[in-house]
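Remarks on the overall topology
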Amino acid sequence: MKKTSKRLTILSPIEIKELYEMPKFSIEQRELYFTLDDVEKQEMKTRRSLESRLHFILQLGYFKYKRMFFKFEFNQIHEDVDHILQKYFPKTKPPKIMVNLKTQLKNQSQILKLLNFKLFDDTIRKKLETQADQHVRIEATPMCVLDELLDYLDLNHVSIPGYTTLQEIVSQSFTKEGKRLQSIIDKHIPQ
């Protein structure tokens, strides 16, 4: 099927920001999301540098909360960094440099494995398109279909893709459903 060039507006800019922006944790949330269980501690300890360990803990906490990974510099999230340093690496100064891309990807891969999640890919996209096609017949609004897709991703332990991807999937489903309904009308209702 040809991709639709026009995407539906599903979320407002504020809702998009809410869904996709990096978490801003309260003190209680930091304690909850940055507390490692024994398996997570063991995995963290396999990292050689403080920077790599810190990046691992941050991404793990953020992923548990949002089901996605974020790009950041340590100085952008100093409250989270300070909390983790105080908890796991007392008397250590915050690192000035970010880990390299290879280390970031390794940390992400291990987090996915630890939490039994997978990254969104073309195979999952096809499944999500099928889900959207089914839900669009039941749900009247794009927002309801989007909610169903987010639930599907969560239940199937898949990371959340970018908004544009979800927007395209929902838009295509509504376009297909519109064409399906129009063909039924054309076939069964006389001029």
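Whatever comes next refers back to the structure up there.
What this report covers is the structure whose coordinates are included nearby. Nothing here was measured: the structure is a model prediction, and the numbers come from that model.

When helices and strands are counted, the chain shows 9 helices and 0 strands. Mapped in sequence order, the helices and strands of the chain form the string α-α-α-α-α-α-α-α-α. What you see for the chain is a C-alpha radius of gyration of 21 Å, clearly larger than the 16 Å of a compact globule of 191 residues, by over 25%. Looking at the 191 residues of the chain, the share that counts as buried comes to 41%. A total accessible area of about 11900 Å² is found for the chain, and carbon and sulfur atoms account for 53% of it.

Below, the discussion takes up the packing of helix H7 (residues 122-135) against helix H8 (residues 142-155). Contact geometry of H7 with H8 gives a least axis separation of 10 Å together with a crossing angle of 140°. Taken together, the axis directions place H7 and H8 in an arrangement best described as oblique. Regarding H7 and H8, the two cross each other, and that crossing is right-handed. Residues Ile-124, Lys-127, Leu-128, Gln-131, Ala-132 and His-135 of H7 form the contact with H8, whose own contacting residues are Val-145, Glu-148, Leu-149, Tyr-152 and Leu-153. Of the residues contributing to the contact of H7 with H8, the split by class is 7 nonpolar, 2 polar and 2 charged.

Before going further, it helps to examine the environment of Ile-111. Within the fold, Ile-111 resides in helix H6 (residues 101-115). Taking the relative accessible area as the measure of exposure, Ile-111 reaches 0% and is therefore buried. Separated by 48 residues in the primary sequence, Ile-111 and Phe-63 have C-alpha atoms spaced 8.1 Å apart. Ile-111 has contacts with Phe-56, Gln-59, Leu-60, Phe-63 and Phe-69, leaving out every residue within four places of it along the chain.

Let us now look at the packing of aromatic side chains. Enumeration over the complete set of coordinates arrives at 12 aromatic pairs. Ring geometry for Phe-63 and Phe-117: centres 5.2 Å apart, planes at 90°, overall edge-to-face. Pair noted here: Phe-63 is in helix H4 (residues 50-66) and Phe-117 is in the loop between H6 and H7, with a separation of 54 residues, a long-range link. Here the two residues Phe-63 and Phe-117 agree in accessibility, since each one is buried. Among the aromatic residues, ring-to-ring pairing joins Phe-25, Tyr-33, Phe-34, Tyr-62, Tyr-65, Phe-70, Phe-72 and Phe-74 into one connected group.

Conventions used here
- Residues numbered from 1 in each chain as written.
- Predicted model: local features only at pLDDT ≥ 70, side-chain atom pairs only at ≥ 80, totals over all residues.
- Heavy atoms only, no water.
- Helix = DSSP H or I, 4+ residues; strand = E, 2+ residues; numbered from the N terminus.
- Rg over C-alpha atoms; globule rule 2.2 N^0.38 Å.
- Buried < 20%, exposed > 50% of the residue type's maximum accessible area, 1.4 Å probe, protein only.
- Areas by Shrake-Rupley, 256 points an atom, 1.4 Å probe, with all protein chains shown as cover.
- Axes fitted to C-alpha atoms, helices over the stretch in contact; angles between N-to-C directions.
- Parallel < 35°, antiparallel > 145°, perpendicular 65-115°, else oblique.
- Left-handed = near helix turned anticlockwise from the far one by under 90°.
- Contact = heavy atoms within 4.5 Å.
- Nonpolar A, V, L, I, M, F, W, Y, C, P; charged D, E, K, R; others polar.
- Phe/Tyr/Trp six-rings, centres within 6.5 Å; stacked < 30°, edge-to-face > 60°.

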